[in-house]
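# Structural overview
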Amino acid sequence: ETGVTQTPRHLVMGMTNKKSLKCEQHLGHNAMYWYKQSAKKPLELMFVYNFKEQTENNSVPSRFSPECPNSSHLFLHLHTLQPEDSALYLCASSQDALAVVNSPLHFGNGTRLTVT
Amino acid sequence: KQEVTQIPAALSVPEGENLVLNCSFTDSAIYNLQWFRQDPGKGLTSLLLIQSSQREQTSGRLNASLDKSSGRSTLYIAASQPGDSATYLCAVRTRGTSYGKLTFGQGTILTVHP
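Each value, and the rule that gives it
- Residues numbered from 1 in each chain as written.
- Chains lettered and ligands numbered in written order.
- Predicted model: local features only at pLDDT ≥ 70, side-chain atom pairs only at ≥ 80, totals over all residues.
- Heavy atoms only, no water.
- Helix = DSSP H or I, 4+ residues; strand = E, 2+ residues; numbered from the N terminus.
- Rg over C-alpha atoms; globule rule 2.2 N^0.38 Å.
- Buried < 20%, exposed > 50% of the residue type's maximum accessible area, 1.4 Å probe, protein only.
- Contact = heavy atoms within 4.5 Å.
- Areas by Shrake-Rupley, 256 points an atom, 1.4 Å probe, with all protein chains shown as cover.
- Lys, Arg positive; Asp, Glu negative; His and termini not counted.
- Charge placed at Lys NZ, Arg CZ, Asp CG, Glu CD.
- Buried area = accessible area lost by both parts, 1.4 Å probe.
- Salt bridge = Lys/Arg side-chain N within 4 Å of Asp/Glu carboxyl O.
- Nonpolar A, V, L, I, M, F, W, Y, C, P; charged D, E, K, R; others polar.
- Pairing = 2+ DSSP bridges.
- Phe/Tyr/Trp six-rings, centres within 6.5 Å; stacked < 30°, edge-to-face > 60°.
- Axes fitted to C-alpha atoms, helices over the stretch in contact; angles between N-to-C directions.
- Disulfide = S-S within 2.5 Å.

## What about the overall build of chain B?
Looking only at helices and strands, chain B has 0 helices and 11 strands in total. Tracing chain B from N to C terminus, the helices and strands come up as β-β-β-β-β-β-β-β-β-β-β. At 14 Å, chain B has a C-alpha radius of gyration in line with the 13 Å of a compact globule built from 114 residues. Principal-axis analysis of the C-alpha atoms gives chain B an extent of 45 × 30 × 20 Å. Sorting the 114 residues of chain B into buried and exposed places 46% on the buried side. Counted over contacts in chain B with a minimum sequence separation of 6, partners at least 24 positions apart contribute 55%. If you sum the accessible surface of chain B, you get close to 5200 Å²; carbon and sulfur atoms cover 48% of it. Each charge sign in chain B was given a centre, from 10 positive and 8 negative side chains, and these centres are 9 Å apart.

## Structural notes on the interface of chain A and chain B
Where interface size is given, it is often the accessible area lost as the parts come together that is meant. On the side of chain B, 22 residues touch chain A, which itself brings 27 residues to the contact. Between chain A and chain B lies a buried interface of about 2000 Å² when both sides are counted; carbon and sulfur atoms form 54% of it. Viewed at the interface, chain B and chain A are joined by 0 salt bridges. Where the side of chain A that touches chain B is concerned, the elements lending two or more residues are strand 4 (31-37), strand 6 (53-57) and strand 9 (87-94) of chain A. Classifying every residue of the side of chain A that touches chain B gives 15 nonpolar, 8 polar and 4 charged.

## Examining the pairing of strand 2 (residues 10-13) of chain A
One face of the sheet, then the other: side chains in a regular strand alternate in exactly this way. All names here are of chain A. Of the two faces of strand 2, the one holding Leu11 and Met13 is buried and the one holding His10 and Val12 is not buried anywhere. One ladder, built from 4 bridges, connects strand 2 with strand 11 (residues 111-115); its direction is parallel. Bridge assignment links Met13 to a residue of strand 11, and that residue is Val115.

## Some details on the packing of aromatic side chains
A full pass over the atoms with the stated rule returns 7 aromatic pairs over all chains. Centre to centre, the rings of Phe107(A) and Phe104(B) are 6.3 Å apart; their planes meet at 80°, and the pair counts as edge-to-face. Placement of Phe107(A) in strand 10 (residues 106-107) and of Phe104(B) in strand 10 (residues 102-104) is noted, with the two residues assigned to different chains. As far as the burial class goes, Phe107(A) and Phe104(B) line up, both buried. Linked through ring pairs, Tyr33(A), Tyr35(A), Phe107(A), Phe36(B) and Phe104(B) together constitute an aromatic cluster.

## Here we look at the sheet that holds strand 3 (residues 19-25) of chain B
Residues and elements named next belong to chain B. Spatially, 1-3-8-7-6 is the arrangement adopted by the 5 strands of the open sheet, whose pairing is antiparallel. The open sheet terminates on both sides in strands that have one partner only, identified here as strand 1 (4-7) and strand 6 (56-59). Between one strand and the next, the sheet's axes are offset by a mean angle of 15°, whatever the strand orientation. Here 4 bridges tie strand 6 to strand 7 (residues 62-67), and the two strands are oriented antiparallel to one another. Within strand 7, the position partnered with Gln57 by the bridge is Ala64.

## Some points on the state of the cysteines
Residue and element names in this part refer to chain A. Tallying each qualifying case throughout the model produces 2 disulfides over all chains. Two residues, Cys23 and Cys91, share a disulfide whose sulfurs are 1.9 Å apart. Given an S-S torsion of about -75°, the disulfide between Cys23 and Cys91 has left-handed geometry. Placement of Cys23 in strand 3 (residues 18-25) and of Cys91 in strand 9 is noted, with a sequence separation of 68 residues between them.

In C-alpha cells:
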C-alpha cells in the first residue's frame, strides 16, 4: 500500500467546471510535489512545496492552483481547463526537497483527469 | 537543459531471461539517479536510488549501475518473471537546478511472457 494517497482516482470535468485534486502522505515527509504525465511525454514537474512553502512553479498556467495547508496535505485546484490538460496527475513526497542525498520520491497512484 | 533518453522504448522477452534497460542523460552534473516502475493506471514505485558518488545499487534481482562521466545508467533484471511486466522509468536530479528538479525519461515498456 502506498504511503501517498490521491483522490479521486478518476475525474471527468467540463471546461467551465471547478474541481480539486487531493493528496495526502503518511510518511512524515516535508516536501510534496505535483507532476503531470501526458501520453507519450515524460513526466513534467509542476509544483514543489517544501515545509509548506512553494519553492517551484514550473511555468504552470494559472488555471492550475496548488495549495499546501500542512506538510501532509496537498491540493491542486482546477478551473477553466482545456482538453489538452487531460492527463494523469501524480503527487509525490520526499523527506526534504533540498536534501540531495538519500531522499527518494514516493508517488501516489495518480488522478486520471479527462477534460471534455 | 538536462535530457534523459531511455532505450529501448519497448521490450518483449520470454520468462527467465536476463535483460538490460538503458538510460542516458546529457548533463553529467547530477546529485543522483533513480529507477522507477509504473504499472498500468498506477503511480510510480521507486526501485533503486544511486547517488552520484556510487557505481551501483542492488535490490533482489535488480541491479542498477551508474557511469556519471559518460552519462549512462543500466538496470539489469535477472531471471525475469511475468510480474516484472511494467514501464520502467529513470530520472535524474541535476545540480544547479532549483530544489533538485527531477528530469524523467519516457520509459521502457517491458513485457515478460510465460
